[in-house]
Amino acid sequence: MRVLLAGATGQLGWELLRIIPEEMQVTACGRAELDIQDATQVETVVTDVRPDIIINAAAYTAVDRSEDEREQAYAVNARGAENLAIAARSVGSRLVHISTDFIFDGRKSEPYLENDRPNPLGEYGASKLLGEQRVLAILADKTAVIRTAWVYSAHGRNFVKTMLGLMAERDSVRVVADQVGTPTWAGSLAQAVWRIAGLDLVGIFHWTDAGVASWYDLAVAVQEEALRLGLLVRAVPIIPIRTDSYPTKARRPPYSVLDKTSTCTAMQLCPLHWRVNLRKMLQDVKDQRGG
Ligand SMILES: NC(=O)c1ccc[n+]([C@@H]2O[C@H](COP(=O)([O-])OP(=O)(O)OC[C@H]3O[C@@H](n4cnc5c(N)ncnc54)[C@H](OP(=O)(O)O)[C@@H]3O)[C@@H](O)[C@H]2O)c1
């Protein structure tokens, strides 16, 4: 099967390229080769490649900056996604599109189902929700939307790598303890994307790693695992704080655990616990640093 991957240089794109299934021939495009905001370029590339599947791993993911750069967030996350769906429709391709837990407001206290009512708290979540709605309006019978959360990888910028840096430099680290979700290794997300693409599934799917954590819990686990692997040489105190002690431009959902029951059934695959995957990512970091 021919696959066109947009956003190949991001965290998910990078992990997708590490585990390409045998039956998939991938044309991988970073923003330089395929700017999804550019409808003409999207049409040209898609017509040229004539993919059976387009995977959209491209996104404007700067949550706080989206509040000031609203236009930019919508141009990529809504219009860019729409451009891909229109081009996919024109060549009969399927589309696998990635979305986020930030489409929810976090008022629930049990895992979010695929059909729960979205209510984004910020511009990033709103732009991603519009992206979902547009691709489904254009190509519902050939689109899989995969919502995920708290993504990290050895490649790119993310919370886990920020924590590793802070823990190496500072004498203590303060981390928000009242936002709860599920850390998700981009390698696990990549596995789900390939499975959904290979099985020809359509609809909305929730995929994160298994389990629940606060950012504080994740920071504690990062330190423990990093010490074990020798990525850190000393432990520093990790201090749990409340969200209101760490103001950010964008509001974030206090609870954004996604229910994966339907996805696991459809895919016949269930995620591993986030801590198991955290170890794999940190091993990747260690390998990148030369063991
Ligand atoms: N990261 C998270 O915590 C998180 C959580 C929930 C959902 N998600 C979703 O998961 C998906 C993958 O996220 P990720 O973590 O892999 O993001 P990422 O590391 O930020 O990668 C996004 C990629 O998209 C590229 N991009 C931005 N604008 C583009 C454009 N106009 N045309 C083509 N490419 C463009 C970026 O390129 P540049 O580097 O050149 O900008 C980057 O390579 C996204 O849909 C995201 O919304 C992520």
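Relevant structure appears above.
We now turn to the structure provided with this report. Just so it is clear, the structure is predicted and the values come from calculations on it, not from any experiment. (Residues numbered from 1 in each chain as written. Predicted model: local features only at pLDDT ≥ 70, side-chain atom pairs only at ≥ 80, totals over all residues. Heavy atoms only, no water.)

A count of helical and extended segments in the protein chain gives ten helices and twelve strands. For 291 residues, the compact-globule estimate of 2.2 N^0.38 gives 19 Å, and the C-alpha radius of gyration of the protein chain, at 19 Å, lies within 12% of that figure. A principal-axis box enclosing the C-alpha atoms of the protein chain has dimensions of 55 × 40 × 35 Å. Within the span of the protein chain, comprising 291 residues, buried residues form 53% of the whole. Across the protein chain, the fraction of contacts at a sequence separation of at least 24, relative to all contacts at a separation of at least 6, is 81%. Roughly 12800 Å² of accessible area belongs to the protein chain as shown, and the carbon and sulfur atoms make up 49% of that amount. If you average the places of the 33 positive and of the 35 negative side-chain charges in the protein chain, the two averages end up 3 Å apart. (Helix = DSSP H or I, 4+ residues; strand = E, 2+ residues; numbered from the N terminus. Rg over C-alpha atoms; globule rule 2.2 N^0.38 Å. Buried < 20%, exposed > 50% of the residue type's maximum accessible area, 1.4 Å probe, protein only. Contact = heavy atoms within 4.5 Å. Areas by Shrake-Rupley, 256 points an atom, 1.4 Å probe, with all protein chains shown as cover. Lys, Arg positive; Asp, Glu negative; His and termini not counted. Charge placed at Lys NZ, Arg CZ, Asp CG, Glu CD.)

All told, the structure shown has four aromatic pairs when counted by the stated rule. When the ring of F102 is compared with that of Y124, the centres are 6.2 Å apart and the planes differ by 80 degrees; the resulting orientation is edge-to-face. Highlighted residues: F102 in the loop between strand 4 (94–100) and helix 5 (123–139) and Y124 in helix 5, separated in sequence by 22 residues. Among the aromatic residues, those joined into a ring-pair cluster are W150, F159 and W215. A cation sits over an aromatic face here: R70 above Y74, 4.5 Å from the ring centre. (Phe/Tyr/Trp six-rings, centres within 6.5 Å; stacked < 30°, edge-to-face > 60°. Lys NZ or Arg CZ within 6 Å of the ring centre and 35° of its normal.)

Below, the discussion takes up the site of the ligand. As a structural note, the neighbourhood of the ligand is formed by 23 residues, with R31, D35, T61, Y124 and K128 the closest of them. Between L12 and the ligand, the recorded distance is 2.8 Å, taken from a backbone N or O atom to an oxygen atom. Within the complex, 81% of the 900 Å² of free accessible area of the ligand lies under protein. If you list the elements that add at least two residues to the shell around the ligand, you get helix 1 (11–18), strand 4 and helix 5. The leading source of residues in the shell around the ligand is strand 4, at three residues. When grouped by side-chain class, the residues that make up the shell around the ligand number twelve nonpolar, eight polar and three charged. (Near = heavy atom within 4 Å. Polar contact = N/O pair within 3.5 Å; in protein donor to acceptor, adjacent residues only side chain to side chain. Nonpolar A, V, L, I, M, F, W, Y, C, P; charged D, E, K, R; others polar.)

A few words on the packing of helix 6 (residues 159–169) against helix 8 (residues 215–229). Interaxial distance between helix 6 and helix 8 falls to 10 Å at its minimum, and their mutual angle equals 60 degrees. Judged on the interaxial angle alone, helix 8 and helix 6 are oblique. Our pair here, helix 6 against helix 8, has a crossing hand that is right-handed. Along the contact surface, helix 6 presents F159, V160, M163, L164 and M167, while helix 8 presents W215, L218, A219, V222, Q223 and A226. Of the residues belonging to the contact of helix 6 with helix 8, the class tally is ten nonpolar, one polar and no charged. (Axes fitted to C-alpha atoms, helices over the stretch in contact; angles between N-to-C directions. Parallel < 35°, antiparallel > 145°, perpendicular 65-115°, else oblique. Left-handed = near helix turned anticlockwise from the far one by under 90°.)

V160, M163, M167, V222, L278 and L282 are the most contacted members of the largest nonpolar core, which totals 31 residues. Looking at this core, the elements with two or more residues in it are helix 6, strand 7 (173–176), helix 8, strand 12 (238–241) and helix 10 (274–288). Sort the elements by how many residues they give to this core and helix 8 lands first, with seven residues. In contact with L282, not counting residues within four places along its chain, are V160, L164, V222, E225, A226, L229 and L231. Of all hydrophobic cores here, the second largest spans 26 residues; its members include V45, A73, A81 and A87. (Core = buried A, V, L, I, M, F, W, Y, C linked by side-chain atoms within 4.5 Å.)

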